[in-house]
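Observations on the model geometry
Single-letter residue listing:
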Amino acid sequence: MESPWDELALAFSRTSMFPFFDIAHYLVSVMALRHQPGAAAMAWKNPISSWFTAMLHCFGGGILSCILLAEPPLRFLANHTNILLASSIWYIIFFCPCDLVSQGYSFLPVQLLAAGMKEVTRTWKIVGGVTHANSYYKNGWLVMIAIGWARGAGGTIITNFERLVKGDWKPEDHEWLKMSYPSKVTLLGSVIFTFQHTKHLAISKHNLMFLYTIFIVATKVTMMITQTSPMTFAPFEDTLSRMLFGWQQQFSCEKKSEAKSSSNGTGSLTSKPVDDASDKVKKKHPKKTE
Amino acid sequence: MESPWDELALAFSRTSMFPFFDIAHYLVSVMALRHQPGAAAMAWKNPISSWFTAMLHCFGGGILSCILLAEPPLRFLANHTNILLASSIWYIIFFCPCDLVSQGYSFLPVQLLAAGMKEVTRTWKIVGGVTHANSYYKNGWLVMIAIGWARGAGGTIITNFERLVKGDWKPEDHEWLKMSYPSKVTLLGSVIFTFQHTKHLAISKHNLMFLYTIFIVATKVTMMITQTSPMTFAPFEDTLSRMLFGWQQQFSCEKKSEAKSSSNGTGSLTSKPVDDASDKVKKKHPKKTE
Amino acid sequence: MESPWDELALAFSRTSMFPFFDIAHYLVSVMALRHQPGAAAMAWKNPISSWFTAMLHCFGGGILSCILLAEPPLRFLANHTNILLASSIWYIIFFCPCDLVSQGYSFLPVQLLAAGMKEVTRTWKIVGGVTHANSYYKNGWLVMIAIGWARGAGGTIITNFERLVKGDWKPEDHEWLKMSYPSKVTLLGSVIFTFQHTKHLAISKHNLMFLYTIFIVATKVTMMITQTSPMTFAPFEDTLSRMLFGWQQQFSCEKKSEAKSSSNGTGSLTSKPVDDASDKVKKKHPKKTE
C-alpha cells in the first residue's frame with residue numbers, strides 16, 4: 001500500500017485515547033446505565049451505589065481482564081484522572097438540572113459521534129489486552145484472544161454479574177446464551193489482532209488497527225442510522241456453523257435430538273429459539289429435582 | 001494535647017488484638033450467624049457447611065480485601081491459631097449442651113462488652129487495610145479507602161454473596177442498595193485514616209485511632225442500649241446530598257424524573273423508598289423483556 | 001511390604017496422565033454435561049457457550065484452585081494440547097452424526113472403564129494440589145487440604161456457579177448444602193495426602209497413591225454396577241458426628257432446637273431432611289423481611 005495511506009494509518013494508530021475518546025466512552029456507557037429502568041431514581045436515593053455501578057460500566061472490561069489474569073481488580077482506582085473524568089460525567093449526566101445532558105444526547109448526531117468514538121477505544125482496548133496477555137504467556141494465543149475479548153467487551157459481563165448480585169437480572173440477555181453484536185465483533189477483532197501479533201497475518205499492526213476501526217465504526221454508525229438489528233455476521237455464522245456442525249444433518253438418523261435441532265434451524269448464534277430452549281430447561285428441572 | 005493523654009493513646013494504639021479482641025469479634029460474628037433462621041438446625045445436619053459459613057463470617061473482610069488485591073483468598077487458612085480460635089467458638093456456640101453460651105450471651109452486659117470489643121477490632125482492620133493498600137499503590141488513595149472499607153465491613157458483602165450462591169438471598173438487604181450503619185461508619189473511618197496516612201490530616205495516627213475507636217464504640221453501645229436505629233449520619237447525609245445533588249431542585253423543570261425524586265425525599269441513604277424503587281425496577285422489567 | 005508390590009506402586013505412581021487418562025476424564029465430564037436437559041439443543045444453537053461450559057466441566061478444578069491461590073484462572077488455556085483434546089472430545093460427543101459416541105458410551109463396560117480412569121486422574125489432581133499449595137504456605141496444612149480438595153472436586157462448584165450465572169440453578173443440589181460422594185472421597189483423600197506430605201503418616205507417597213486409587217476406583221465401579229447410592233461413609237459419618245456433636249443429646253434440656261435436631265436424626269451428612277431445612281429457611285424469611 002502506498003506511503004500516504006501508511007503514514008495516515010501510522011498517525012492514527014498513535015493517537016492517544018486519553019482526553020476525548022475516553023470521554024466519549026464514559027458518556028456512552030453512563031448513558032446506557034441512565035436508560036436502564038429505575039436508574040435515575042436510584043441515583044437520587046443511593047448515589048454511592050449508582051456511582052459504583054457507573055464505574056463498573058466504564059471500567060468493566062479492564063476489571064474483568066484483571067480478574068482473569070489475577071491482577072488487582074482495583075487497579076483502575078489508581079488511575080485518578082480517568083476516575084475523576086468518569087465521575088464528573090456520571091455526575092453531570094445524572095444530576096444536571098433539567099437533564100440538559102440527556103436532552104443534548106438525545107440528538108442523533110451527538111449519539112453517532114459518541115458511539116463512533118467509543119468504538120475507536122474498543123480497538124485500542126483489544127490491542128492492549130492482546131499485548132498484555134502476550135507478556136504473561138508467550139504465544140499462548142488462546143489466552144491472548146480471551147484477554148483481548150474481555151478488555152473489549154467484558155463490561156457487559158461484569159455489569160450483568162453486578163445486576164445478578166443486586167437481584168435484578170434477566171438470564172435471557174446473558175452474554176453467553178446469546179452473544180450480542182459487540183461481543184461478536186470484539187471476538188473477531190481479538191482473533192485478528194492475536195494472529196497479527198503471532199505473525200500469522202502479514203499486515204502491519206497500524207494498518208490492521210486502522211482497517212478494523214473503520215470497519216466497526218462504519219457498521220456501528222450504519223446500525224444506528226438504519227435501526228436494523230446487526231445481521232452482518234448471520235450469513236458468515238450460518239455458513240461456518242453449517243460447515244462445522246451442519247454436515248451431520250445429511251445422515252438420516254431417526255433421533256429426536258437431530259429432529260429438534262434441525263427444526264430450530266442450524267446454529268445461527270442470533271437465532272430466536274434460545275429462549276424456549278432455556279424454558280425447556282426450566283420446565284425439565286422440576287421433574288428432575290423431585 | 002497534653003502528654004498523659006498522648007501516652008494513653010499511644011499505649012492504646014499498641015495493644016494487640018490477638019487473644020481477647022479477636023475472641024470478641026468471633027463471638028459476635030458467629031452469634032449473628034447463629035441467630036439467622038435455620039442456622040442451628042443446619043449446623044446439626046451439615047456441620048462442614050456451617051463451619052465454612054462461620055469462617056466466612058469471621059474472616060470475610062480479609063478475604064474480600066485479598067480478592068480485591070489479587071492475593072490468595074485462602075491466606076486466612078494459614079493462620080492456624082485464629083482458625084482454631086474461631087472454630088472452637090463456633091463449636092461451643094452451636095453445640096454447647098443446653099445452649100449455655102447463647103443463654104449467657106443473651107444478657108445485655110455481655111453483648112455490650114463483646115460488641116464494644118468487636119468495634120475496636122474494626123479500627124485495627126481499617127488501619128491495617130489502608131497501610132497494606134498503600135504498600136501496593138503509592139498514594140493511590142482511592143484504593144486505600146476501598147481496601148480499608150473492605151477489611152472493616154467486607155464481611156457482610158462476602159456472607160451476602162455466599163447466601164446468594166446458597167440460594168437463600170433477599171436482594172432487599174444488599175449492602176449496595178441500602179448501606180448499613182457499620183458500612184457507613186467504616187467508610188468514614190477508612191476515608192479519615194487514608195487522609196491521615198497521606199498527611200492531609202494534621203493528627204498523629206495513634207490519637208486518631210483512639211478518637212475513632214471511642215466514637216464507634218460509644219455509638220454502638222448507645223445504639224444497643226437505646227434500641228434506636230442509628231440516625232447519627234442522617235442529617236449529615238441529608239445536608240451533603242442536598243449540597244451535592246439537591247440544588248437542581250430549585251430549577252423549575254416539568255420533568256417527571258425530578259418530580260419522582262423530590263417526592264422520594266432528597267437522597268438520605270437510609271430512606272425507606274429504596275424498596276419500592278427496586279419493586280419499580282422489577283415491575284418495569286417484564287415490559288422491557290417481552 | 002515386599003519389594004514387587006513396592007515396585008508396582010512406584011511404577012504406577014509414575015504413569016503419566018496425559019494421553020489416555022485425560023481423555024477418559026474429558027469424556028466422562030463432557031458426557032455428564034451432555035446428559036443435562038437441553039444441553040444438546042443448546043450446543044446446536046450456541047456452540048461457543050456450549051464449548052465454554054464443556055471446558056469448565058473439564059478444567060473446573062484447576063480453575064478453582066487457581067482462583068483460591070490468586071493465580072491466573074486462564075492458565076488452563078495456555079496448555080494447548082489438553083484444550084485441543086477436550087475440544088475435539090466435546091465436538092465428537094455433541095456433533096457426531098447419529099450420536100455414535102453417546103450410543104457407544106451407553107454400554108456399561110465403556111462407562112466403567114472411563115469412570116475408573118477418571119477416578120485415577122482424581123488421585124493425581126489431589127496430590128498435585130497438595131504439593132502445589134505446600135509451595136505457597138509451608139506446612140499450612142489447611143490450605144493444602146483446601147487446594148487438594150478444590151483440584152479434585154472443584155469442578156462441581158465451578159459448574160454450579162456457572163449455571164447460577166446462566167440462570168438455571170437449583171440450590172437444592174449445592175455442594176455445600178449436601179456434599180456429594182465425590183466431594184467426600186476427595187476431601188478424605190486430600191486430608192490423607194496432606195498428612196502424608198507433612199510426615200504425619202508413616203507411608204510412602206506412591207504406596208498411598210496406589211491404595212487410595214484402588215479404593216476410589218473400586219467404590220466407584222461397585223457403585224455403578226450395583227445402582228446403590230454410596231452409603232460407604234454414612235456409618236463413619238454417623239459415629240463421628242455422634243462423637244463430635246451428638247454427646248449433648250444426653251443432657252436433658254427442654255429446648256426446641258435440641259428436639260428438632262434429634263428428630264432430624266443426628267448429623268449424617270447425607271440425611272434427607274436437609275431439603276426441608278432449607279424450606280424452613282425460605283419459609284422463615286418472609287416473616288423476617290416484612
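The structure presented is a predicted model; accordingly, all values stated were derived computationally and were not measured.

A separate point is a nonpolar patch on the surface. A cluster of nonpolar side chains, namely Phe236, Leu240, Met243 and Leu244 of chain A, defines an oily patch on the protein surface of about 390 Å² accessible area. Relative to the elements of secondary structure, Leu244 of chain A occurs in helix H11 (residues 234-246).

Take the UniProt feature "transmembrane region" (unreviewed entry) in chain A next. When the UniProt feature table is mapped to this numbering, "transmembrane region" (unreviewed entry) covers residues 51-70, 82-102, 141-161 and 208-226 of chain A. Across residues 51-70 of chain A, the secondary structure splits into 90% helix and 0% strand, with the terminal C-alpha atoms separated by 25 Å.

Attention now moves to the nonpolar core. Within the largest apolar cluster, 183 residues are counted, with the highest numbers of intra-cluster contacts made by Phe59 and Phe94 of chain A, Phe59 and Phe94 of chain B together with Phe59 and Phe94 of chain C. Leaving out residues up to four positions away in the same chain, Phe59 of chain C has contacts with Tyr26, Phe76, Asn82, Ile83 and Ala86 of chain C.

It is worth spelling out unusual backbone geometry at this point. One non-glycine residue, Ala70 of chain A, lies in positive phi territory at about 55°. With respect to the helices and strands, the residue Ala70 of chain A is situated in the loop between helix H4 (47-68) and helix H5 (80-95). Phi angles above zero are rare outside glycine, and Lys199 of chain B is one such case at about 60°. Here Lys199 of chain B lies in the loop between helix H9 (181-197) and helix H10 (205-225). Judged by relative accessible area, which is 69%, Lys199 of chain B ranks as exposed.

Per the counting criterion, the structure on display carries 34 aromatic pairs over all chains. An angle of 50° between the planes, with centres 6.5 Å apart, marks the rings of Phe94 of chain B and Phe95 of chain B as tilted. Residues Phe94 of chain B and Phe95 of chain B agree in their burial class; the two are buried. Here the aromatic cluster, defined as three or more aromatic residues joined through ring pairs, consists of Trp5, Phe12, Trp124 and Phe210 of chain A.

Counting through the fold element by element, Val143 of chain B comes out in helix H8 (residues 141-166). With a relative accessible area of 0%, Val143 of chain B lands in the buried category. Considered as a pair, Val143 of chain B and Leu68 of chain B are 75 residues apart in the sequence and their alpha carbons are 9.4 Å apart. The residues contacting Val143 of chain B, other than those within four sequence positions of it, are Leu74, Leu77 and Ala78 of chain A together with Ala133 and Tyr137 of chain B.

Attention now moves to the packing of helix H9 (residues 181-197) of chain C against helix H10 (residues 205-225) of chain C. Residue and element names in this part refer to chain C. Contact pair H9 / H10: the axes reach a minimum separation of 11 Å and the direction vectors enclose 170°. Relative to H10, the element H9 is oriented roughly antiparallel. Here Tyr181, Val185, Thr186, Leu188, Gly189, Ile192, Phe193, Gln196 and His197 of H9 lie close against H10, whose contacting residues are Lys205, Leu208, Met209, Tyr212, Phe215, Ile216, Thr219 and Met223. Within the contact of H9 with H10, the residues separate by chemical class into 11 nonpolar, five polar and one charged.

Below, the discussion takes up helix H2 (residues 20-34) of chain C. Residue and element names in this part refer to chain C. The terminal C-alpha atoms of H2 lie 21 Å apart, and with 15 residues this matches the ideal 21 Å at 1.5 Å per residue to within 8%. Within the sequence span of H2, burial applies to Asp22, Ala24, His25, Tyr26, Leu27, Val28, Ser29, Val30, Met31, Leu33 and Arg34. Here the buried face of H2 lies against helix H3 (39-45), helix H4 (47-68), helix H5 (80-95), helix H6 (100-105) and helix H7 (108-136).

Here we take up the pattern of salt bridges. In the structure shown here, the tally under the stated rule is six salt bridges over all chains. Among the salt bridges present, the one from Glu71 of chain A reaches Arg75 of chain A, with a minimum N-O distance of 3.1 Å. On the basis of relative accessible area, Glu71 of chain A is assigned to the buried category, the value being 6%. Judged by relative accessible area, which is 36%, Arg75 of chain A ranks as partly exposed. Where Glu119 of chain B meets Arg122 of chain B, a salt bridge forms, and the shortest distance between an N and an O atom there is 3.0 Å. Of the two residues, Glu119 of chain B and Arg122 of chain B are both situated in helix H7 (residues 108-136); the distance of three residues between them amounts to about one turn of the helix. Residue Glu119 of chain B is classed as buried on the basis of its relative accessible area of 5%. Note on Arg122 of chain B: relative accessible area 7%, which makes it buried.

Rules of the game
- Residues numbered from 1 in each chain as written.
- Chains lettered and ligands numbered in written order.
- Predicted model: local features only at pLDDT ≥ 70, side-chain atom pairs only at ≥ 80, totals over all residues.
- Heavy atoms only, no water.
- Patch = residues over 30% accessible without salt bridge, like charges linked within 9 Å, V, L, I, M, F, W, Y side chains within 5 Å.
- Areas by Shrake-Rupley, 256 points an atom, 1.4 Å probe, with all protein chains shown as cover.
- Salt bridge = Lys/Arg side-chain N within 4 Å of Asp/Glu carboxyl O.
- Helix = DSSP H or I, 4+ residues; strand = E, 2+ residues; numbered from the N terminus.
- UniProt positions renumbered as here; feature names shortened; annotations may be inferred.
- Core = buried A, V, L, I, M, F, W, Y, C linked by side-chain atoms within 4.5 Å.
- Buried < 20%, exposed > 50% of the residue type's maximum accessible area, 1.4 Å probe, protein only.
- Contact = heavy atoms within 4.5 Å.
- Phe/Tyr/Trp six-rings, centres within 6.5 Å; stacked < 30°, edge-to-face > 60°.
- Axes fitted to C-alpha atoms, helices over the stretch in contact; angles between N-to-C directions.
- Parallel < 35°, antiparallel > 145°, perpendicular 65-115°, else oblique.
- Nonpolar A, V, L, I, M, F, W, Y, C, P; charged D, E, K, R; others polar.
- Expected span 1.5 Å × (residues − 1).

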